[in-house]
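Commentary on secondary and tertiary structure
Residues per chain, in single letters:
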Amino acid sequence: MSRIDFIFDFETRSRVDLKRSGASKYALDPSSEATLLTYTFGEHMEIKHWRLGQPFPMDLINVANNPERFNFAAWNLFFDKKIWEIVLPRQFPLIVFKPIPLPSIDDVMARSNFFRTGSSLESAAKFHHLPMGKDPVGKKIMQKQMKPGRDGKFAVLTEDEWNHFIRYGIQDTFLLKKVHYSLPPLPLQERYAFEWTWRRNEAGLKLDMELVVLLQQLVDYISPSLREEFFKITGHVIASPKLISWFGTYYPGITSLDAENMDELIDDPRPVPPYVRRALEIKYLIGSSSISKLKVAIEREVNGRIHSILSYHKAQTKRWAGEGIQVQNFPRMEQDPADPFDFDLNQHSLVQEILKQAHTKGLREPIKFARNLLRRIFVAEHGKLLAAGDFAKIEPTVLFWLTGLGPIPDKWYEETAAFIFNVSLDQISGDSDERQLGKQANLSCGYGSGWDSFRKATKKATGKWISEELAKMAVNGYRKKYPEIVGFWADLDNAFRAAIMGQQTLLCNGKVHFYPSQYAGHRMVVIRLPSGGCLFYHNPQIIESVKVDKLGRKRVTSAIVYDSDAGQGRIEEKKIYGGLICENVVSAIAREVMNHAMFRLEEKGYEILNLVHDEIWVLLNSMDQKTEFEALMIQRPGWALDMVIKAEVKAGVRYIK
């Protein structure tokens, strides 16, 4: 028997900040309440509502008692499910709310992400040409009732305010219903990826909270003195907008003090007074987003775990995005730290060792010391090991496979370095700067990056800035060594343009297929990948413009643009070109390799804990499983039997990469 669509949307209130605490902790807080539930059954039924203070309707009791009979559809359903299963039973203790089975879950946001029709309900509604008609008064009332006032009490709404509030909720549910029935279901392999993401977000990641709290204490202990020192130097607080002007006195031309610009300023060779450099260092340390992850972990932790860590299919490349603690952005350890560890990091408890080192040797840079330990906060279940399997050079592997270059050479970095510097292979040593440049060229230049982008990528990877001349030499050398890849960028660009004009193109011996399509009244370019998965680009256009050079000569140029979701209800044009198309295609295929490996691993009984870039984290019962884990990762999918896939596995009682 087919399930009945139950389409619903909650409005809530709480003394807890949802963005800071996350859905799991928000729902568990005793102050959290459902205040309005708007809902409907199927495409043609009226939209109903329940509001705080009213008895729970009989049709909703039927859903609560028999969830397996219904298809639960909501936008960002993870939140609504928490309210349904945790908050409502607290408000209605005599009603049985059975757990919603995973096959009954239909997150409309996940499907919209997959088909690239908007990551917010407002964006998706605009994409599908739906009348927005948001009630501005209702929105203000929704915001009014969400949080308590200064006296700690929640607002009491008048009947007129309730009517506006209800209209606001019904309008949201109307849009949700229309988008729900406009979107196709997820393909089977994507339904697997979605369900895995859901299970992982529910289960969460285990944290060493004792370590998290200690590291936060280190940061809290040193931060006030650093802030005071900073104020004495600059006369401003760390977050003051006037700092751009203050630093601009010593570094003329700066327009921002974001992380990227701070990196450049810290390494800027211009002579400045020592106190200016010290002010830069303090701002960099205090303002580090990596250190803020400790507070996020503390705020979102529930019973020693952190939940809702991944967002399904968030990127154009089909990749997952991080949520909350943003595991994929955790910094690597510094190569030459001011405070090297004098103890083994791979053990069950680090707290006593840290305290011992702090008391006996002291810490020169407590915040950097804490940052270098951030990756160690993730731990395995008791008696098990946390293994991280990393697909080695998977994106370059895919790129070589598509362009017919074969497998990645064993001495790939050395070969490219020798070509760039025009020396023999035996002149490139394993720890040389030349090899490092060859490595960065191989890993950064495959998507058509220019010298400036390459220079920034090298700084991010190595912590050091290279000269403009060296960056140009690396980029030009890579392009000369691999003309097949440069030609591939042009082929992809031409194929995309041809699809806009209504033509189909097969590339890479039929592995990649470009074709035009239609969806929801929009023109669309679809790129079909070797796995059968697809990338979608809506409303693509070729925009021509005329440029005039210094001699007055006119030149007609053209660019490809398509509609991209910018979030918060905004759809905007985004440019795309051969190198970026290459990145989309290659990264998406690498994701499909990972998706296939995940399925095989779960089939063999492995519990997959997390995904970080090209890493898969699993639980091992012992080191004896390490070899099998690696073998399952590199087993080739049926659509890529001639691709040479390699992986490296590291395992310990905590995350040790």
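See the structure printed just above.
Scope of this entry: the structure provided in the associated data block. Residue positions within a chain follow its written sequence, with the count starting from 1. This being a predicted model, a pLDDT of at least 70 is required before a residue's local features are given, and a value of 80 or more before pairs of side-chain atoms are given or counted; all residues contribute to the totals for chains, interfaces and linings. Only heavy atoms go into the side-chain values, all of them from the structure, while hydrogens and water stay out.

1. Thoughts on the overall build of the protein chain
- Tallying secondary structure elements over the protein chain gives 23 helices and 19 strands in all.
- Against the compact-globule benchmark of 26 Å for 657 residues, the protein chain has a radius of gyration of 27 Å, which places it among compact chains.
- Counting the 657 residues in the protein chain, one finds 53% classified as buried.
- In the protein chain, 66% of the contacts between residues at least 6 apart in sequence involve partners at least 24 apart. Helical segments are the DSSP runs of H or I of at least four residues, strand segments are the runs of E of at least two, and each set is numbered from the N terminus. Only C-alpha atoms enter the radius of gyration; for comparison, a globular chain is expected to reach 2.2 Å times N to the power 0.38, where N is the number of residues. The buried label applies to any residue whose accessible area, calculated with a 1.4 Å probe on protein chains only, is under 20% of its type's maximum; exposed applies above 50%, and partly exposed to all values in between. For this analysis, residues touch if any pair of their heavy atoms sits within 4.5 Å.

2. Some words on helix 12 (residues 274-286)
- By this rule, a helix spans an expected 1.5 Å times one less than how many residues it contains. Here helix 12 contains 13 residues, and its C-alpha end-to-end distance of 18 Å stays within 8% of the 18 Å for a straight helix at 1.5 Å per residue.
- What helix 12 keeps buried is the set Val276, Ala279, Leu280, Ile282, Lys283, Leu285 and Ile286.
- Contact partners of the buried residues in helix 12: helix 9 (209-234), helix 10 (243-248), helix 11 (259-266) and helix 15 (366-372).

3. A look at unusual backbone geometry
- Backbone geometry at Lys393 places phi at a positive 50°, although glycine is not the residue there.
- Along the polypeptide, Lys393 turns up in the loop between strand 10 (385-391) and helix 16 (394-403).

4. Focus on the sheet that holds strand 1 (residues 4-13)
- Should DSSP find at least two bridges between two strands, the strands are taken to pair. Ordered by their spatial adjacency, 5 strands build an open sheet running 3-2-1-4-5, and the pairing between neighbours is mixed. With one partner strand each, in any of the chains shown, strand 3 (48-51) and strand 5 (105-107) form the two edges of the open sheet. Averaged over all pairs of adjacent strands, the angle between their axes in this sheet comes to 25°, without regard to strand direction.
- Alignment of strand 2 (residues 33-41) against strand 3, held across 4 bridges, turns out to be antiparallel. Counted as the bridge partner of Leu36 is Arg51 from strand 3.
- Angles run from 0 to 180 degrees between N-to-C directions of axes, and those axes are lines fitted to C-alpha atoms, restricted for helices to the stretch in contact. Of the strands in this sheet, strand 1, strand 2, strand 3 and strand 4 (70-74) touch helix 2 (residues 58-65), which is tilted by about 90° from strand 2.
- Contacting strand 1, strand 2, strand 3, strand 4 and strand 5, helix 3 (residues 77-91) crosses the sheet at an angle of about 75° to strand 1.

5. Section: the side chain of Asp106
- One can find Asp106 in strand 5.
- Residue class for Asp106 comes out buried when judged on its relative accessible area of 12%.
- Pairs of N or O atoms within 3.5 Å make up the polar contacts considered here, provided that, within protein, one atom can donate a hydrogen while the other can accept it, and that residues adjacent in sequence are counted only when both atoms are side-chain atoms. A distance of 3.0 Å separates the side chain of Asp106 from the side chain of Arg111, its partner in a polar contact.
- With near-sequence residues (within four places) excluded, Asp106 lies in contact with Asn71, Phe72, Ala73, Ala74, Leu77, Arg111 and His180.

6. Brief notes about the sheet that holds strand 17 (residues 608-612)
- With antiparallel pairing, the 4 strands of this open sheet are ordered in space as 17-18-10-19. In this open sheet, the two strands that pair with only one neighbour each are strand 17 and strand 19 (647-652). Strand-to-strand, the axes of this sheet are offset by a mean angle of 20°, without reference to chain direction.
- Where strand 10 lies against strand 18 (residues 615-620), 6 bridges are found, and the strand directions are antiparallel. Paired with Gly389 across the bridge in strand 18 is Ile616.

7. Describing the packing of helix 11 against helix 12
- Two numbers describe how helix 11 lies on helix 12: the axes approach to 10 Å, and their chain directions differ by 150°. Considering only the axes of helix 11 and helix 12, their crossing is left-handed. Here helix 11 contributes Met262, Asp263, Leu265 and Ile266 to the contact with helix 12, which in turn contributes Arg277, Leu280, Lys283 and Tyr284.
- Classes in brief: Ala, Val, Leu, Ile, Met, Phe, Trp, Tyr, Cys and Pro nonpolar; Asp, Glu, Lys and Arg charged; the others, Gly included, polar. Counted by class, the contact of helix 11 with helix 12 contains 5 nonpolar, no polar and 3 charged residues. By the definition used in this description, the sense in which the near helix is turned from the far one sets the handedness, with an anticlockwise turn below a right angle giving left-handed and a clockwise turn giving right-handed.

8. Section: the packing of aromatic side chains
- Stacked, tilted and edge-to-face are the three classes applied to pairs of Phe, Tyr and Trp rings, where Trp contributes its six-membered ring and a pair requires centres within 6.5 Å; stacked means planes under 30 degrees apart, edge-to-face means over 60, and tilted covers the rest. Applying the stated criterion across every chain yields a total of 46 aromatic pairs.
- Look at Phe496 and Phe514: their rings are 6.5 Å apart centre to centre, the planes differ by 70°, and that puts the pair in the edge-to-face class. With a gap of 18 residues between them, Phe496 in helix 21 (residues 483-500) and Phe514 in strand 12 (residues 512-519) connect regions that are remote in the sequence.
- Of the aromatic side chains, those joined through ring pairs into one cluster are Phe6, Phe8, Phe10, Tyr39, Phe41, Trp50, Phe56, Phe70, Phe72, Trp84, Phe92 and Phe97.
- A ring is considered to have a charge above it if a Lys NZ or an Arg CZ atom is located within 6 Å of its centre and within 35 degrees of its normal. Directly above the aromatic system of Trp451 lies the positively charged group of Lys472, at a separation of 5.1 Å from the ring centroid.
- One cation-aromatic arrangement involves Lys511 over Trp401; the distance from NZ or CZ to the ring centre is 4.8 Å.

On their own, these measurements won't tell you what the molecule is for.
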